[in-house]
Amino acid sequence: MYTLGIDIGSSSSKAVILKDGAELISSAVVQVGTGTSGPTRVMEAVFENIDLKPEDIDYTVATGYGRFSVENADKQISEISCHAKGIFYLVPTARTIIDIGGQDAKAIALNDKGNITQFYMNDKCAAGTGRFLDVMSRVLEIPLDKMGEAHFKAKEWASVSSTCTVFAESEVISQLSKGLTRESIVAGVHKSVATKACSLVRRCGDIKNDVVMCGGVAQNPGAVDAIEKELGQKITVAPNPQITGALGAALLAYEELLAK
Ligand code: ADP
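Definitions and limits used
- Residues numbered from 1 in each chain as written.
- Predicted model: local features only at pLDDT ≥ 70, side-chain atom pairs only at ≥ 80, totals over all residues.
- Heavy atoms only, no water.
- UniProt positions renumbered as here; feature names shortened; annotations may be inferred.
- Helix = DSSP H or I, 4+ residues; strand = E, 2+ residues; numbered from the N terminus.
- Rg over C-alpha atoms; globule rule 2.2 N^0.38 Å.
- Buried < 20%, exposed > 50% of the residue type's maximum accessible area, 1.4 Å probe, protein only.
- Contact = heavy atoms within 4.5 Å.
- Areas by Shrake-Rupley, 256 points an atom, 1.4 Å probe, with all protein chains shown as cover.
- Pairing = 2+ DSSP bridges.
- Axes fitted to C-alpha atoms, helices over the stretch in contact; angles between N-to-C directions.
- Polar contact = N/O pair within 3.5 Å; in protein donor to acceptor, adjacent residues only side chain to side chain.

- The name that an unreviewed UniProt entry assigns to the protein is Putative CoA-substrate-specific enzyme activase, with the source organism given as Frisingicoccus caecimuris.
- Its UniProt record gives the protein the following Cofactor (unreviewed entry) comment, quoted word for word: "[4Fe-4S] cluster".

1. Looking at the overall build of the protein
Piece 1. Helices and strands together make up the secondary structure of the protein, namely eight helices and 10 strands.
Piece 2. Taking 260 residues into account, the globule formula puts the C-alpha radius of gyration at 18 Å, and the protein, at 19 Å, falls close to it.
Piece 3. Projected onto its principal axes, the C-alpha positions of the protein cover 60 × 40 × 30 Å.
Piece 4. Expressed as a percentage of its 260 residues, the buried residues of the protein come to 53%.
Piece 5. If you take every contact in the protein between residues at least 6 apart in sequence, the share linking residues at least 24 apart comes to 64%.
Piece 6. When the accessible surface of the protein is split by element, carbon and sulfur atoms take 50% of a total near 11900 Å².

2. Looking at the sheet that holds strand S4 (residues 59-63)
Piece 1. The strand order across the open sheet built from five strands is S3-S2-S1-S4-S5, with neighbouring strands paired in mixed fashion. Strand pairing shows two members of the sheet lacking a second neighbour, strand S3 (23-30) and strand S5 (75-76), which therefore form its edges.
Piece 2. Strand direction decides the pairing type here: strand S2 (residues 13-19) and S3, joined by seven bridges, are antiparallel. For Val16, the partnering residue across the bridge sits in S3 and is Ser27.
Piece 3. Of the strands in this sheet, strand S1 (2-8), S2, S4 and S5 are in contact with helix H8 (residues 244-259), which crosses S1 at around 140°.

3. Comments concerning the environment of Ser177
Piece 1. With respect to the element layout, Ser177 can be found in helix H5 (residues 165-177).
Piece 2. A polar atom in the side chain of Ser177 sits 2.8 Å from the backbone oxygen of Ser174.

In structure tokens form, the structure reads like this:
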């Protein structure tokens, strides 16, 4: 039996195909999300190099901010449930999840059965999300995939104290004009994201190990380092962290099939 999980976020579209709820047949990521060509393109991409067609899929679960726009999905499930499912499948020792995506950040607490016991989400403000890092990447002229490298070269971390993305952008521009190094500002930007992520985690109660990070921002080792320092705790980055929501959706699709 084949199941498809499709995660349409604000910044990217992800899809995963599983055989019998266990074997990963294909996965794809397109770096544009809801309201764009992303959903169509990710569907094309996930079937591109395999011997399956969309009509071979037995059940599809859509998740993410744009999940209600996915045509032909059998069910929509929130990304909190899908990330929890995907992460617990990949890392069964996970008890705390930090998911930072394009326009929100979430902290999820799990018990030893993988059930969600608490979660908090910031989807009201761009600060502390991938969008904040996207803005800073542009201002600092450092591509997103080089932000980690720059972070580890910082001799000290600048203080980026503005809590609003627009004011923080002005603060960073002013620091650049005063001659602060781009590396120290990047580290300060990561610390700002870390402070916000950690306040969400702490609201879930005692921080239980293992702490696992997923979402696009988990691909930024500088952000992960800043969160580890802020939490005072080691973080496991989920393998292929951008697709854990789609993986969870495909796993939940298999459970739906079994329950039929
Ligand atoms: P969503 O699911 O909300 O669409 P994602 O989980 O895909 O969002 O995360 C998108 C964010 O991930 C972007 O805003 C960006 O900051 C970050 N990101 C994406 N790709 C990379 C990369 N290669 N290196 C560092 N950060 C990245």
